[in-house]
Each structure stands twice: as structure tokens, then as C-alpha cells.
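Structural overview for review
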Amino acid sequence: MKIRNCMALICAVVALSACGRTVIMREGNSSEGTSSAVIEPVAVGKKTAKEKIDLSGLSHDKVGYGQGVLVDEKNRTTGALDFNAQYGKLNAKAINNDNKIYLTFDQGYENGYTEKILDVLKEKKVKATFFLLQDYAEKNPELVKRMIDEGHIVGNHSVHHYSMPTLGQAECESEIKDFHKYMEDNYDYTMTVFRPPMGEFSEFSLGVTANCGYETELWSFAYADWDVNNQPDEGQALEKLVNAAHPGAIYLLHSVSKTNTDILGDFIDRVRAGGFEFADKRI
């Protein structure tokens, strides 16, 4: 029970940062509404093992990410676009440069809903990315195996859910590589995408992540869905999710949410009815 309460608190911190007004927690940008700025997503170049990023000049300052509330004329959150423009060179993104919708789930702990989520995704023929902590992979082998077998992407959310920019290089690498090795040893699965715990990063931590062979993937939509004792109203949540749809959207949802589980099928149907389709693989 203590573990579950701890993970719920951690997820709360994640979602609070996700619902923040700005991409970078700095002063002077708290306006709401629609932006008239035209910003195109920056294509993220994947680094190979031979193309290591020089870490020497990168900042160690901690940044707290949130996609914000401003949107452009395509309904894309400008916070996510700004993130791509600033950090794409470090193999990091918060939105994709296409017209697809990308579903991602953060798996801090199992609350009994992942099986139903997988059932709905299978019925609707939608693939998702599940960002796991190592503890989750250790305790839920049947669910993790099903994710892999049914063609979903398993993403690395670290071993311990530490704030990556607070760690030294060796610790940062360990948080990624130790879980990476665990998945290869126990599931014969190689992870390639990383989501930093709590959405916290620095230029340096992004560079270290890239040099570990990973792409950092944040999100362009998230909402307050993490509190299992204070779940969003289903009707309001459904409207919020549907109205947020935009080209290249990366949705961050928490699998501990009963509301998310119950509205997932309707959400998929309505987004498709609005002219979007869900990606069958990550780009």
C-alpha cells in the first residue's frame, strides 16, 4: 500500500507539470488562448552509437515540462512545438511532424485497468506506447508480455523514477541502461524511447539519454487524470480529450485512471470520426 501511495504521489507530480502553463518553468508567460504564431515541428534526428552528442557545453539546469494551453491554428500546443524547436537537436520531441495521433500511457503501478485498456486497443486496432518503471516490469510480467505480443511499444521510464537532471552522468546512465538490460534479459525486448520521470530534464540529461541510444519523448497533451481518488467526470474528460486532437499529437494518459479506461473506446471512435487516425508505429 505504501508503494501504491508513493507512486500515486509521483504521478501527481508528473501530471501537474504536464498541465502547466508553459513548457519551461520560467517567468513571464502565463497567457491562455490561441496563438497566431505559425511554428512547424522540428524533425528529430536519431543519433547512432557513432554519433555521440558532446556533453561538455550542455546546461545542467533543471527544466520542468508542461505543454501549456496555447495552441496554433492547427490546434497544436505551442509548448510542444517550442520544445521540439529547442531540444530536437538532442534527440528529444514532444509532438510528431505528421497527421497521426499517438497514444502513450505512463505505468507507475498496476491499478487493475491495464488489461481492459489492452482489450480496447486490440478491439479498435490501435497501437500505443507504454512507459514502464522497472518495478512495473518486474511485478506484471503477463501484462508486459501482452503489450509486446500485441505490437505495442514498451518505453523506458527509468528504474527508480528519479528526477534525471538531479543525477550525475553515471547515475543518469544507470537509470536508463539498467532497465534496458532488464528488458533484454527478461523479455528479449530492446527499448529505444525514454520518458523522463515527472517531465523533468536538463540539456545534459537529454544528451546523456541520446548517447544511451534513446529518443526522449514527452507529450503535447496531458490532463489531471492521475488521482485515483478524484477521477475526472467521464463526460467532461471525453470532451477534453477529443477537443485536444491535433496533427502529430502525443497523448499522455495514466493507466491507473478509471475514467481513461472507461472512455478510451469512445475517445478513439470520436477522434477517428473527426478525420484523424492513430499511428500504428512510433516515428
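This text gives an overview of the structure that appears in the document. (Residues numbered from 1 in each chain as written. Predicted model: local features only at pLDDT ≥ 70, side-chain atom pairs only at ≥ 80, totals over all residues. Heavy atoms only, no water.)

Let's shift gears to the packing of aromatic side chains. Within this structure, the stated rule accounts for twelve aromatic pairs. Centre to centre, the rings of Phe194 and Tyr214 are 6.5 Å apart; their planes meet at 85 degrees, and the pair counts as edge-to-face. Of the two residues, Phe194 is situated in strand 6 (residues 193-194) and Tyr214 in the loop between helix 7 (203-211) and strand 8 (215-217); the sequence distance between them amounts to 20 residues. With respect to class, Phe194 is no different from Tyr214; both count as buried. Look at Phe221 and Tyr251: their rings are 5.0 Å apart centre to centre, the planes differ by 50 degrees, and that puts the pair in the tilted class. Within this pair, whereas Phe221 is found in strand 9 (residues 221-222), its partner Tyr251 is found in strand 10 (residues 249-254), the two being separated by 30 residues in sequence. When its relative accessible area of 8% is taken as the criterion, Phe221 is described as buried. Residue classification places Tyr251 among the buried positions, given a relative accessible area of 0%. Among the aromatic residues, those joined into a ring-pair cluster are Tyr65, Phe83, Tyr87, Phe201 and Trp219. (Phe/Tyr/Trp six-rings, centres within 6.5 Å; stacked < 30°, edge-to-face > 60°. Helix = DSSP H or I, 4+ residues; strand = E, 2+ residues; numbered from the N terminus. Buried < 20%, exposed > 50% of the residue type's maximum accessible area, 1.4 Å probe, protein only.)

Take helix 3 (residues 114-124) next. Every buried residue belonging to helix 3 is among Thr114, Ile117, Leu118, Val120, Leu121 and Lys124, and all of these are buried. Within helix 3, the buried residues cover an arc of 160 degrees as seen down the axis, which keeps them to one side. Exposed side of helix 3, more than 90 degrees from the buried face: Glu115, Lys122 and Glu123 are the residues found there. Looking at the packing, one finds that the buried side of helix 3 touches strand 3 (101-107), strand 4 (128-132), helix 4 (134-139), helix 5 (141-149) and helix 9 (258-273). Just downstream of helix 3, Lys125 is the residue with a positive phi angle, here 60 degrees. (Arc of directions from axis to C-beta. Contact = heavy atoms within 4.5 Å.)

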